[in-house]
Amino acid sequence: MLNTRENRVFQTTAHIVMMLVVLISVLPFLLVFMSSITEENSLIVHGYSLFPQKFSLYAYEYIAQKGDKILRAYGITLFITVVGTLVNLLLTALLAYPLSRRDLPGKKFFSFYVIFTMLFNGGLVPTYLMYANTFHIKNTIFALLIPTLLLSAMNVLLMRTYFRTSIPEALIEAAEIDGAGQFNIFFSIIVPLGKPILVTLGLFAALGYWNDWTNGLYYLTGTKGEDLYSIQNFLNKLITDIQYLANAQFSGGGAQAAKMPSVSIRMAIAFVAMIPILVLFPFLQKYFEKGITLGAVKE
Amino acid sequence: MKVRKWAPMFIMMAPGLIYLFINNYIPMAGLVIAFKKMDFRKGIWGSDWVGFDNFKYLFTTPDAFVITRNTILYNLAFIIVNIVVGIIFAIFISEMVNKHMKQLYQSAVLLPFLMSMVIVSYIVYAILSPETGLMNKTVLPMAGKDPVSWYSETKYWPYILIIVNTWKGVGYGCLIYLASIIGIDRSLYEAADIDGAGKWVQIRTITLPMLLPSVITLTLLNVGRIFFSDFSLFYQVPQNSGILYSVTNTIDTYVYRALLQLGDTGMASAAGFYQSVIGFLLIIGCNWLVRKLDRDSALF
């Protein structure tokens, strides 16, 4: 690049704009964190702020001591993320491998069967009625695991393409000639050689489970449902209750409002829910960028 | 030999195919509920047919227009803003000489994309909360302005939703554009340097034209989904505030509220059917166009 005046102006402008972008991206998370370590009365007087007047770790002490519901929600999120991701990957890979074989009988039909689910969709009403009334998954752990998140047609297609283009056919054929069964081939050739796509798509499945709150919103109700709340559902309930109590204050809900987790605790719980993503961020970013080059993040 | 080879393959595919049958195909058939009066004792299949009654009710309400308008206009705004902002950021990042800064900027645009909408709604709440928010307690007093009750003033929400959507979502498009820019043949820029072309000329005559195919493809795929909205954004971020429905209600939030908060299966199923069918036609139409322009990017 030539070191002309115009190029220097361009570089400077780009740096200024992008530094602003960095601030706009990061400061909101910092606001949540700073609010979570602000003393309660200071929050009520000065509001949520990046520069708290008085610090307090009360919110985190509260979570550590009385936060059994929060810990439970955290545990449920961890459980559905691990189990959901593993089952998702297994289903995806088991469907993608046969589809990647050029000579699979009925290949056109099966591909269309998968693709059509991306084009046409029954939507919430029949899906909800089926899961709630036919399969009775309401207020069970399956409500968080099964609807929508267990298999993505897009991921099946991406994995199929990866298997087809990155795993040498000759290798599979040689194993077949040696008399290896298909399951043997799947676990000893496809899975090890498909590791890059499995890790990438696995991370997206995990992110999907970790961040999902709609399944809980639809299928978990009442106190029985609350026992199964994921951390996202717990946060959602908390903020809904705040709204509810704010409206009820005029009709004597003040006493109840006093029992609510305080202003700082809300933000502390939100921050606790962010931690895994913040900690895993460099790892997630690496695979996200890899995913783009694999065409893996099409949607 | 043949059977021994393919039988295990069909067994492998079976769990995935069965899942898609249950999760996707049964609900497609279940769309017929839009033409029935749902009776929970009789179930979807046994309920009585009522022809187009549910649709007649739906389209006599003002909601039908509002949710269609909101869904389409917000999507159009999101598509345009995300393209413009995404491309600007991608060009800036691609021109960075310093590797560490480049990495920092890429991380910054991606970070919000990985967070859940519930977390985003907490961030928005920390900023906009009427009693303790950053805006009402710090920013507005500093500017000498009166506090605003954000969650009950409709006029701000089109901007808030567009800003939140851009803040959370722009990183995804940006990194795709960045990958396309990195793929552009460097010798084009070297030749332009030799000819004495400045940065702006290079962007206008090399970068933008080379980006066009991926912009068109991504846009058409998004236009195909213009009848579907991000439920979490429109439900969670405005905190389901009833006063704001005229500017926050989309087809997806309408269907959810009609089905699970009001128990009006008829209205919900009619709106859902309307979304599924028009959405299907749009996806097919846009995909047909994508296939004409760039075969590899088409879904089928």
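A. Layout of the overall build of chain A. Assigned secondary structure in chain A consists of 17 helices and zero strands. The C-alpha atoms of chain A give 25 Å as radius of gyration, which overshoots the globular expectation for 299 residues (19 Å, by more than 25%). For the C-alpha atoms alone, the extent of chain A along its principal axes is close to 75 × 70 × 35 Å. In chain A, buried positions account for 40% of the 299 residues.

B. Fine view of the confidence of the model for chain B. Considering every residue of chain B, the mean pLDDT works out to 92; 100% of them sit at 70 or more. With a pTM of 0.91, the predicted complex shows an ipTM of 0.91.

C. Summary view of the domain arrangement of chain A. All names here are of chain A. When the domains of chain A are assigned, the result is domain 1 (1-56) and domain 2 (68-293). Each of domain 1 and domain 2 was reduced to a C-alpha centroid, and the two centroids are 32 Å apart. On the side of domain 2, eight residues touch domain 1, which itself brings nine residues to the contact. Mapped by element, the contributors of at least two residues to the side of domain 1 that touches domain 2 are α1 (5-36) and α2 (40-46). Ranked by residues supplied to the side of domain 1 that touches domain 2, first place goes to α1 with five residues. Tallied by class, the residues present in the side of domain 1 that touches domain 2 amount to five nonpolar, three polar and one charged.

D. Local environment of the interface of chain B and chain A. Of the residues lining the interface, 77 residues belong to chain B; the matching set on chain A comes to 83 residues. Looking at the side of chain B that touches chain A, the element that brings in the most residues is helix α1 (residues 2-30) of chain B, giving 17 residues. Looking at the side of chain B that touches chain A residue by residue, the classes come out as 51 nonpolar, 21 polar and five charged.

E. The environment of B:Gly30, seen in detail. Looking at where B:Gly30 falls in the secondary structure, it is placed in helix α1. Residues B:Gly30 and B:Pro158, 128 residues apart in the sequence, show an inter-C-alpha distance of 34 Å. Beyond its immediate sequence surroundings of up to four residues, B:Gly30 is in contact with A:Gly122, A:Pro126, A:Leu129, A:Met130 and B:Ile44.

F. Highlighting unusual backbone geometry. The backbone phi angle of A:Thr148 is positive, close to 65°, even though this residue is not glycine. For A:Thr148, the position within the fold is in the loop between α7 (142-145) and α8 (153-166). Taking the C-beta count within 10 Å as the criterion, A:Thr148 has 15 such neighbours and is therefore assigned partly exposed. In this structure, B:Gln239 takes a positive phi of about 55° despite not being glycine. Along the polypeptide, B:Gln239 turns up in the loop between α11 (231-236) and α12 (245-248).

G. Structural context of helix α5 (residues 99-110) of chain B. Helix length check: α5(B), at 12 residues, gives a terminal C-alpha distance of 17 Å against a target of 16 Å (1.5 Å per residue), a fit within 8%. Among the residues of α5(B), those classed as buried are B:Tyr105, B:Gln106, B:Ala108, B:Val109 and B:Leu110. Close packing links the buried residues of α5(B) with α1 and α17 (281-293) of chain A together with α4 (63-94) and α8 (157-182) of chain B.

What counts and what doesn't
Residues numbered from 1 in each chain as written. Chains lettered and ligands numbered in written order. Predicted model: local features only at pLDDT ≥ 70, side-chain atom pairs only at ≥ 80, totals over all residues. Helix = DSSP H or I, 4+ residues; strand = E, 2+ residues; numbered from the N terminus. Rg over C-alpha atoms; globule rule 2.2 N^0.38 Å. Buried ≥ 20, exposed ≤ 12 C-beta atoms within 10 Å, placed from the backbone. pLDDT = per-residue confidence, 0-100. Domains from an automatic or database assignment. Contact = placed C-beta atoms within 7 Å. Nonpolar A, V, L, I, M, F, W, Y, C, P; charged D, E, K, R; others polar. Expected span 1.5 Å × (residues − 1).

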